[in-house]
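Chain by chain, the residues run as shown.
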Amino acid sequence: CSLSPGRASGLMFSLLLRLVLARASGAAACPSGTTRVDTFAAEGTLWSACEDLQTPGGGLTLVPAADGVEAVHLPKTYEPYAPKPDSEYYLGLGKRRVLDAKWDMLGDALLHSCDGATRTSGLCEVTWARVESAIPVMRYSRGNRQASGNNMMCSPYSPESGVRTFTGSRSASVDATFSDHADDCTDNGFPRPQGYVMNLTAIANGEPPIPPDGWFKYVNFSAMAEGLLGQPSPNLVFYFPLLPQNFSAYGGSRYWTMVASPRPDMQGGREQDVWFRFQQLRCSGARLAPPCELVGTPQYYDTYWFSNSPITDRWIRPELKANASGFYGNLLAVKRYWDRELAAEGMMALSLPDTAGTNGSWLTDQALFSMVRSMISRDDTWHPRYGVLPGYGVSLQDGFQDTFTSTATAALEWGMFPYARGVIDNWLRYYTRDNGMITYRAEELAQSGRMLTIYALYRDYTGDAQLLLHHFGRIRAHAQWLLYRFGNALRNFPDPSDPRHGIIAGGDEGDTFVAFYERWGDQPQGHKYSCHANVYRGFLDLGRVLREIGEESGREDVAAHASELLAAAPKMLAALEASLAKTVVPTSNPRAPRCVPTGADPLDAVDPGPPHARQGCLGDFRGYPELMYSGALTAELADDLFNHLMYGNASALSTRPMTLGCTGYNAKQSTYTAYGMAYGLLVYDMVERFLLHYFGMSAHTYTRGSWTTPEATHPDRDIGSTDYVAAGVHTAPTYLKWMHVFEEPDSRTVWLGKAVPREWLTPGAAPVVVRSSPTRYGRVGFTLRAAATAAGGYTVFANVSLPGSYVGARGPPGGLRLRLGAPRRGGRGGG
């Protein structure tokens, strides 16, 4: 017989469970080093659940009894919230000193403290491990830190949501969200780990009940950890170490684990079902050191607390209780589902070295899981959500432009063309209006420019012109709206000597819309270089693609619109260059000698500060990365921009503009606005700065064990991170793609290995392997392997696979370049 996970008949579960127990002596043998924690029936056969209990991150192997059925191994991760005290972080500079600094002290130390700097830049090439050591692991996600038991850290009724992470499926409309303590943040009725499971289990085992105010003496919350089971499947794991109790003479250590496994496909259901497993383990050694064994039997719950109980049968008939077959059957279904979904995407594949400084396998896992998290963040498969509930999952945030641009970019860069097509089609169908405006509360002109670039990139990567033709009316209306704004910029400031001449005026951040309609005339719209430059780039990219589509399809209207865009683009670039020549101002700071302002507006005559402070040179955490995204600056201006963000704020602002090469508000690292900084640093070949930025985002803006991205995180880990945002989860996959395959926007040169760490090209390291990476000219692949020579040197062997489209006129106009970074000899090379 065969059982489906989730909502199979409870009676059938019970009958099969009895069958399994009756035949337990004949169950499949477990692999060496694992313990059979349960047996179950699923997929028409009997299985043993075999788990490595000797380490908290020990994997789970599901072994079938039937011949011809393969065992399924699900790796498990274990990442403590606080693996080391704060004193061991901050690069030895001192926590208070770093946090009080108004400039990027950590980033500066990483780029300049090494035994051998890069000859071309004079900067250190950092490793991930070195950057990770700069800031502690993210441990607090807001909410009530004093809550315990049945008083939860998070709540849908509280202004501070306290969500740490979540799980879910593509098809549901809501997700299952959890706090740092694994509380049920949406109050769905999940089994509460402390007040329900642990407390009632203690009573059932003859231990004293835990009083409401006694949980901080029972659970060691500061030693909690999180992880994933079977990633990229979105199964969450939480670890609860217990403190020694005065009623017990046991001298070892105990801990609970909670696994939350979502039903993989809700098939139209709006709510998200979740299967839970709770296990208590006892270890002979202190701090969870082996040997360890299971205490009692595992407890299983199907979404709700009343689906099982450790102490009573009053809630549900015994034969209908949640059980092992339901839980493990769901684990199998989750794995099967995501194996199929990801295979259908046809994405690029990476195999990267695991070196001491930078673990390429870990970066690849993080990137892939980020795409899964992106997919489950969406509502009913395709509709966008900025976050989850409680938090930024409120419907008013659905049309936030950054969610679309970051998702579509990451999907395209990873070669996930079905996902990219669905996201773009949904955006043009439901979130772009017939008049070209966006279904959101305010404009974001820089992101509107990015949209045009994304439409062009979609056609270049996929060859699919039909999607753009189908939505051509709305695409054209959106672009013509931006053309109208450019025309206004020329008409409103006709004097070419005015820096505002030809610079588009408008907003770059949706949250600032109130200021404009409430204070019209008193609060004029600014002339942001980031908005102007990204619209310029969008006109250039989309104009080129529409010209080709118009010629191929015989559509005169498409060709005519392409001509409009291509005629405006050079005028916009000329206006940008002329304006910047008038507004870049010198400073008195030798480490940041020039300021590239955020816009073309005149100095604030009321502000008594120095010109470079009044010109808008600091604090624009969004505008500067977006300006870099356009690729429209000169290399010198890009260098000035980065240096001023890193070193320019001696006293002008109360907060630090940049941390570890990443800008952010309130001295934080912001995730949803970061992409352009990484892109621009690669455009201008600032590889050492790119690696600082990438590794800083990878290590410090994702929760370490569940890879969830808050909107912003503070380097003081006692300050809670803001809520999860889907627009921030794409940094890891996008940056990893660009590290290996990157195309310059103007020269159209395709780079292979442009920012591959030198450490990966040392003899003895595993090869760097990239397969089926998308470019505008077809999918490419390459392998890099270093080997020592008999003379004591080394050789790097490179094998590059290119499609036929790379030959002749259809290939990249700027050609193909392969970079092989020479490994450091001696020293740590920044790491």
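Residues numbered from 1 in each chain as written. Predicted model: local features only at pLDDT ≥ 70, side-chain atom pairs only at ≥ 80, totals over all residues. Heavy atoms only, no water.

## Notes on the packing of helix α8 (residues 401-413) against helix α9 (residues 417-431)
Close contact between α8 and α9 brings their axes to 8 Å; oriented N to C, the two are set at 155 degrees. If you check the angle between α8 and α9, you find them roughly antiparallel. In this structure, the crossing between α8 and α9 has a hand that is left-handed. Contacts between α8 and α9 involve Gln401, Phe404, Thr407, Ala408, Ala411 and Leu412 from the former and Phe417, Tyr419, Ala420, Val423, Ile424 and Trp427 from the latter. Among the residues making up the contact of α8 with α9, the classes are represented as 10 nonpolar, two polar and no charged. (Axes fitted to C-alpha atoms, helices over the stretch in contact; angles between N-to-C directions. Helix = DSSP H or I, 4+ residues; strand = E, 2+ residues; numbered from the N terminus. Parallel < 35°, antiparallel > 145°, perpendicular 65-115°, else oblique. Left-handed = near helix turned anticlockwise from the far one by under 90°. Contact = heavy atoms within 4.5 Å. Nonpolar A, V, L, I, M, F, W, Y, C, P; charged D, E, K, R; others polar.)

## A short note on the environment of Gly815
Along the chain, the position of Gly815 falls in the loop between β24 (794-801) and β25 (816-818). Residue classification places Gly815 among the partly exposed residues on the basis of a relative accessible area of 24%. Taking the C-alpha atoms as reference points, Gly815 and Arg748, 67 residues apart in sequence, are found 7.4 Å from one another. Each residue touching Gly815, except ones within four places of it in the same chain, is listed here: Arg748, Thr749 and Val750. (Buried < 20%, exposed > 50% of the residue type's maximum accessible area, 1.4 Å probe, protein only.)

## Concerning the sheet that holds strand β4 (residues 72-74)
Pairing is antiparallel in the open sheet, where four strands are placed in the order β1-β2-β3-β4. Pairing within the sheet leaves two strands with one partner each, and these edge strands are β1 (35-42) and β4. Neighbouring strand axes in the sheet, compared pairwise and without regard to direction, differ in orientation by 20 degrees on average. Note: strand β2 (residues 45-51) against strand β3 (residues 60-64), five bridges, orientation antiparallel. By the bridge assignment, Cys50 is partnered in β3 with Thr61. Running at roughly 80 degrees to β1, helix α6 (residues 324-345) makes contact with β1, β2, β3 and β4 of the sheet. (Pairing = 2+ DSSP bridges.)

## Let's talk about the sheet that holds strand β11 (residues 274-283)
Strand order across the open sheet formed by six strands is β5-β8-β9-β10-β11-β12, with antiparallel pairing between neighbours. Of all strands in the sheet, those bounded by a partner on one side alone are β5 (79-80) and β12 (292-302). Examined bridge by bridge, β11 and β12 share eight bridges and lie antiparallel to one another. Across the sheet, Arg282 pairs through a bridge with Glu293, a residue of β12.

From the geometry alone we can't say anything about function, so treat these as descriptive.
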